[in-house]
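Survey of secondary and tertiary structure
Below, each chain spelled out in residue letters.
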Amino acid sequence: MKRIGFLIISTLLVLGLVVPGMVGGANPKIEILIAGPMTYTQGGDMYNGAELAANQINTAGGVDVGGTDYDIELVKVDTNEIDNYADAGTVLLGAITANPNAQFIIGGFRTEGVVNEIPVAMANNVTMFITGAASYELLAEAPLYPYIPAYAGYKYIFRGSPFNTVFLLGNSLMMLGMVAVEVASLGVTPRIAIFAESLTWADPIVEGAEALIPAMGWELGHVARVSDKASSTVVDPELNAIEADKCNIIWTVMSGDVGTVFSLRKGALDIPAIAVGINVEAQAASFWGDTNGGCEYEITMGTWAPGVEVTSTTLPFLSAFETAYGHFPMYTAAAYDVLNVLATAMNEVGSVNNEDLISWYEDPANAQNTTMGLVGNYPVWQYGSFGYWSMLADKDAPDNDVGFGVGILPALNSTQITQIYGDASNYDMPAGTNFTMPPYTTHDIIYGPTYVTGLAIQWQEAP
Amino acid sequence: MKKTIFVVISCVLLLGLVLASCADGNGLTKGEFVGVWPKGSDPTVAYFNNIMSRLATGLNWTDVEYTGTQDFEIPADWVTIWQGW
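These lines cover the structure that appears in this document, whether it is placed above or below. Note that the coordinates shown come from a computational prediction; the quantities given were computed from them, not determined experimentally.

On a plain count of helices and strands, chain B comes out with three helices and one strand. Counting over 85 residues, chain B shows a buried share of 29%. Summed over all atoms, the accessible surface of chain B reaches about 5400 Å², with 62% contributed by carbon and sulfur.

Residues and elements named next belong to chain A. With respect to the secondary-structure elements, G376 resides in the loop between strand 13 (374-375) and strand 14 (382-383). Taking the relative accessible area as the measure of exposure, G376 reaches 6% and is therefore buried. A C-alpha to C-alpha distance of 9.2 Å links G376 and G160, two positions 216 residues apart in sequence. Not counting residues up to four positions away in its chain, the partners in contact with G376 are A367, D444, I445 and I446.

Another aspect to go through is the packing of helix 5 (residues 165-185) of chain A against helix 6 (residues 203-215) of chain A. Residue and element names in this part refer to chain A. Between helix 5 and helix 6, the least distance of the axes is 9 Å, while the angle of their chain directions is 45°. Comparing their axes, helix 6 and helix 5 come out oblique. The interaxial crossing formed by helix 5 with helix 6 has right-handed handedness. Contact with helix 5, carried on its side by T165, L168, L169, L173 and L176, involves P204, I205, G208, A209, L212 and I213 of helix 6 and no other residues of that element. Classifying every residue of the contact of helix 5 with helix 6 by side-chain character gives nine nonpolar, two polar and no charged.

This part is about the environment of A:E210. All names here are of chain A. Note on placement: E210 falls in helix 6. Under the relative-accessibility criterion, E210 is labelled partly exposed at 33%. Remark: the alpha-carbon pair of E210 and L220, spanning 10 residues in sequence, is separated by 7.1 Å. Those residues in contact with E210 that sit more than four places away from it in its chain are I194, L220 and V223.

The geometry of an aromatic ring pair is captured by the separation of the ring centres together with the interplanar angle, meaning the angle of the planes. Residue and element names in this part refer to chain A. As enumerated under the stated definition, the model contains 13 aromatic pairs over all chains in all. Judged by centre distance (5.9 Å) and plane angle (55°), the ring pair of F317 and F321 falls under tilted. Of this pair, F317 and F321 both sit in helix 10 (residues 314-325), separated by four residues, roughly a single helical turn. Overall, F317 belongs to the buried group, its relative accessible area being 1%. For F321, a relative accessible area of 0% gives the class buried. The ring of Y47 carries the charged tip of K76 above its face, separated from the ring centre by 4.5 Å.

Each value, and the rule that gives it
Residues numbered from 1 in each chain as written. Chains lettered and ligands numbered in written order. Predicted model: local features only at pLDDT ≥ 70, side-chain atom pairs only at ≥ 80, totals over all residues. Heavy atoms only, no water. Helix = DSSP H or I, 4+ residues; strand = E, 2+ residues; numbered from the N terminus. Buried < 20%, exposed > 50% of the residue type's maximum accessible area, 1.4 Å probe, protein only. Areas by Shrake-Rupley, 256 points an atom, 1.4 Å probe, with all protein chains shown as cover. Contact = heavy atoms within 4.5 Å. Axes fitted to C-alpha atoms, helices over the stretch in contact; angles between N-to-C directions. Parallel < 35°, antiparallel > 145°, perpendicular 65-115°, else oblique. Left-handed = near helix turned anticlockwise from the far one by under 90°. Nonpolar A, V, L, I, M, F, W, Y, C, P; charged D, E, K, R; others polar. Phe/Tyr/Trp six-rings, centres within 6.5 Å; stacked < 30°, edge-to-face > 60°. Lys NZ or Arg CZ within 6 Å of the ring centre and 35° of its normal.

Encoded structure:
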């Protein structure tokens, strides 16, 4: 009798171990590294966005890949890349080594850190979707990967968000134009100061603005370049210089903590100038309180804004995010979109192998509707030279002519490549080599109407 | 003793309510951010076309699919200051 009882109990114990394993997490896993500055909101919301997408996908049964359902499993990687650029690659390498089944990375916020992360992803054959860093330079050499061995690793590097600095400049200038035209209509000549971080991503934007603002017939005033971690000791003199220079508009280019210091001190010093541009910190719903209302009238570019329905999935996403995390998402939460697109790619290709998905991403026909708009990869050669030009080769242009326009690009010939990248000898190719390239993509997301664009948000006193 | 405790708790609760009502940023009224672009501007005006023609010809900004929720604001007292400069 005792023996029968023992057997029953043993059987129940075994069942108890087996059944939970079948009910929860029975699906095979797809491991994805979410890599960013996790002690900052920029990294925290990156992870939150990915987590929200993973939870929704898993709750719905997982990703159907060739008839097998897979669950998404995220691994949070704190790269500390805001405070320590140099070690970001080493941290990422440690995460890749510790998670050998992970074939995908979503993340990379600070350009100075991402440049150390990209080689690690390349060397380990892991696909990386940059989610946060905007510098166009990060992907400028991606189209060369099929042709030049030194660039072969770029086949693994894509950008998920935001659109790159070439277009950040254009989008910011349109927002600036919106304000400057209004200021001019009030009988005041727009005099524009620039307040920008001393970081790589900001360089082409500032250089472009310095050239274009006078060209638009507006006055260029005081230009301040400060650390992304600058305190009021640095910020206050710059704000006072802007007021002394009688600037009525401040064009902002900021992604770090200095954005809060700027708005806080601008309000405290009562600087009578309207700020417009990019201030990532101003995308946080807590910004009014963080700046004691100093952000009033400030306009910043955003990926989302309350009540603005960019696509049919925008508002449901914003609602779900705020419910889950209690605040409005920062732009890095676009990891939500990146992960959903990745799941779609796996479903449509029928593979969880990153090598199999590359050509899917490179096909513009696979552009996906996200909360931000329609996301796809450029089917044309797109290049930012001189900091801000977007050179798009025209499909109807003669063979030897790099024209301007939007269209599907036929092959670029050696003359065109030389025009864009300089002599081919710069790329380990004999000078004068007549090589022709097919229409490879930059692995950067498409910007423009019907695709991804920016929008502006302004802080106003609630009615 | 119970009465004293009740009074203390009541005072703490009352103080909490008062502080909470004043907690909007040192007495500031509450702020919100709103979508202001492209609704607050006409993206077809020459300024924008000029910029875009130099950046990426072919993008048609009359085809923007979303709208902002309201116009942006410039405070009148700032304008007065600017006009006096």
